Amino acid sequence: MIEGICVHEHLFFRAALNSVSEGLCFADKKGLIIYWNKSAERLSGYVAQEIQGKHCTHEILLHLDENGIVFQPSSLIAATLADGKMHTGEVFLHHKYGHRVSVTARCSPVLNDTGDLIGAVEVFTSNMKSITLLKQLEGLRKEVLTDELTGIGNRRCAEVLMNDLAVSLAEYDVPFGILFVDLDHFKAVNDTWGHHVGDKVLLMVAQTLVNGLRGLDVACRWGGEEFLILIPNIQKESLLGLGNRLRVLIENSWLNHEGQRIWVTASFGGAVSQKGETGAAVVNRADKQAYRSKQEGRNCVRVDDSNID
């Protein structure tokens with residue numbers, strides 16, 4: 001029971017906090033998590049018993065900023081406890097299944113009657129506002145265009161989208177970009193842990209890609225451990241920045257299996273369409289850049305800077 005609050009009041013407040021749609025996290029002045037509501041469980045995959053008692057700087061509570069870099073000082077709660085001020089931001093949380101989840105978060109100081117800082121409360125909501133092609137194609141076309149394992153677009157979906165992007169390029173001169181993503185040393189994951197764990201890693205990577213994209217971008221599984229990102233109306237510099245953000249998000253995602261942390265990196269290749277070019281030609285150039293990333297050490301991004309004209 002909280003000091004000064006009877007048992008019935010305490011149960012009422014707990015029920016009320018569990019009914020809200022936003023994730024709620026309370027920490028004491030030492031940074032220890034003392035409350036984690038049902039929406040926080042839904043958004044993160046972690047139940048309250050797995051979070052309560054952990055420090056706000058624990059690795060599973062670390063925030064990544066929009067560039068995939070660890071938020072300083074590691075979380076909004078840590079920032080609020082350090083200076084007693086409200087902190088807000090769009091950050092990426094670590095999900096229990098390994099991928100990163102984009103949320104809008106706000107952390108406020110909690111003060112006692114004399115104005116002393118006694119803790120902090122963080123409120124966070126899902127930032128997945130985009131309507132992707134797959135959601136528009138629910139129904140009869142969904143099975144045809146969806147990868148069964150990862151739930152994202154399959155190769156056929158990517159080909160349909162590339163055709164649409166090529167039409168926009170030809171008719172309206174709107175460029176598009178392709179990121180070719182190839183996981184590094186993925187065979188070692190299957191050989192070491194088995195294909196059932198390899199499938200979980202592919203799902204983790206797919207969800208990390210989806211959560212790291214802009215509203216109109218689409219991630220598809222090209223085949224095996226290869227993914228394709230289709231980005232409408234983008235230039236080379238922005239394509240490189242997006243590729244690096246996704247690369248870092250993948251590198252900082254992991255899943256736990258039998259007490260072991262399993263994670264992968266990815267090599268990225270990118271290309272921006274040129275006038276008169278087909279979607280297949282852009283993919284071919286992006287694929288060559290992914291191969292170049294492999295040759296130059298892996299876990300990096302290379303973008304084609306050639307001018308086919």
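Just above sits the structure.
The following paragraphs examine the structure supplied in this document. Keep in mind that this is a model prediction, so the values were computed, not measured.

1. Some details on the sheet that holds strand E3 (residues 87-94)
Taken in spatial order, the 5 strands line up as E2-E1-E5-E4-E3 in an open sheet, and their pairing is antiparallel. Of all strands in the sheet, those with a lone pairing partner are strand E2 (33-36) and E3, marking the two edges. Shown here is a sheet whose adjacent strand axes are inclined to one another by a mean of 25°, direction ignored. Across the face of the sheet, helix H4 (residues 76-83) comes into contact with strand E1 (23-28), E2, E3, strand E4 (100-111) and strand E5 (117-126) while running at roughly 150° to E5. Most of the contacts of helix H9 (residues 195-211) go to E4, to which it runs at about 65°, and overall it touches E3 and E4.

2. Looking at the nonpolar core
Counting residues in hydrophobic clusters, the biggest one holds 31 residues, and the most contacted among them are Val201, Val205, Phe227 and Ile229. The leading source of residues in this core is H9, at 7 residues. Ignoring anything within four residues of it in the chain, the contact list for phenylalanine 227 reads Ile152, Leu179, Phe180, Val181, Leu183, Leu202, Val205, Ala206, Leu209, Cys220, Arg221 and Trp222. In this structure, Ala27, Leu61, Leu76 and Leu81 belong to the second largest nonpolar core, which totals 27 residues.

3. Observations regarding the state of the cysteines
By definition, a disulfide links the sulfur atoms of two cysteine residues through a covalent bond. The full count for this structure, using the stated rule, is 0 disulfides. Between cysteine 56, a cysteine without a disulfide, and cysteine 25, which holds the nearest cysteine sulfur, the sulfur-to-sulfur distance is 8.3 Å. The buried category is assigned to cysteine 56, whose relative accessible area is 3%. Sulfur of cysteine 157: no disulfide; nearest cysteine sulfur belongs to cysteine 220 and is 3.9 Å away.

4. Things to note about empty space enclosed by the protein
Counted by the stated rule, this structure contains 1 cavity of 30 Å³ or more. Of the pockets and cavities examined, the largest cavity occupies roughly 150 Å³. Contributing to the lining of the largest cavity are 17 residues, with Trp36, Ile60, Leu61, His63 and Leu93 lying nearest its centre.

5. Some thoughts on the pairing of strand E7 (residues 218-223)
Burial analysis of E7 places 5 of its 6 residues in the buried class, which makes it a mostly covered element. Both E7 and strand E8 (residues 226-232) contribute to a ladder of 5 bridges, which runs antiparallel. When the sheet's bridge partners are listed, alanine 219 is paired in E8 with isoleucine 229. Hairpin connection between E7 and E8: a loop of 2 residues separates the two successive antiparallel strands, and glycine 224 in this loop has a positive phi of roughly 60°.

6. With respect to the pattern of salt bridges
For the coordinates displayed, the defined rule picks out 14 salt bridges. Arginine 155 is paired through a salt bridge with glutamate 159; the nearest N and O atoms lie 3.8 Å apart. Of this pair, arginine 155 and glutamate 159 both sit in helix H7 (residues 155-172), separated by 4 residues, roughly a single helical turn. By relative accessible area, arginine 155 is classed as partly exposed at 39%. Two residues, aspartate 184 and lysine 294, come together in a salt bridge whose shortest N-O distance is 2.9 Å. Of this pair, aspartate 184 sits in the loop between strand E6 (176-183) and helix H8 (186-193) while lysine 294 sits in helix H11 (residues 279-295), and the two are 110 residues apart along the sequence. Three or more residues joined by partner-sharing salt bridges are found here, namely Asp182, Asp184 and Lys294.

Conventions adopted
- Residues numbered from 1 in each chain as written.
- Predicted model: local features only at pLDDT ≥ 70, side-chain atom pairs only at ≥ 80, totals over all residues.
- Heavy atoms only, no water.
- Pairing = 2+ DSSP bridges.
- Helix = DSSP H or I, 4+ residues; strand = E, 2+ residues; numbered from the N terminus.
- Axes fitted to C-alpha atoms, helices over the stretch in contact; angles between N-to-C directions.
- Contact = heavy atoms within 4.5 Å.
- Core = buried A, V, L, I, M, F, W, Y, C linked by side-chain atoms within 4.5 Å.
- Buried < 20%, exposed > 50% of the residue type's maximum accessible area, 1.4 Å probe, protein only.
- Disulfide = S-S within 2.5 Å.
- 1 Å grid on protein atoms, 1.4 Å probe; cavity = no way out; pocket = protein on both sides within 12 Å on 5 of 7 lines; lining within 4 Å.
- Points joined across faces, edges and corners; volume = space filled by probe spheres on them.
- Salt bridge = Lys/Arg side-chain N within 4 Å of Asp/Glu carboxyl O.

No statement about biological role is implied by the geometric values presented.
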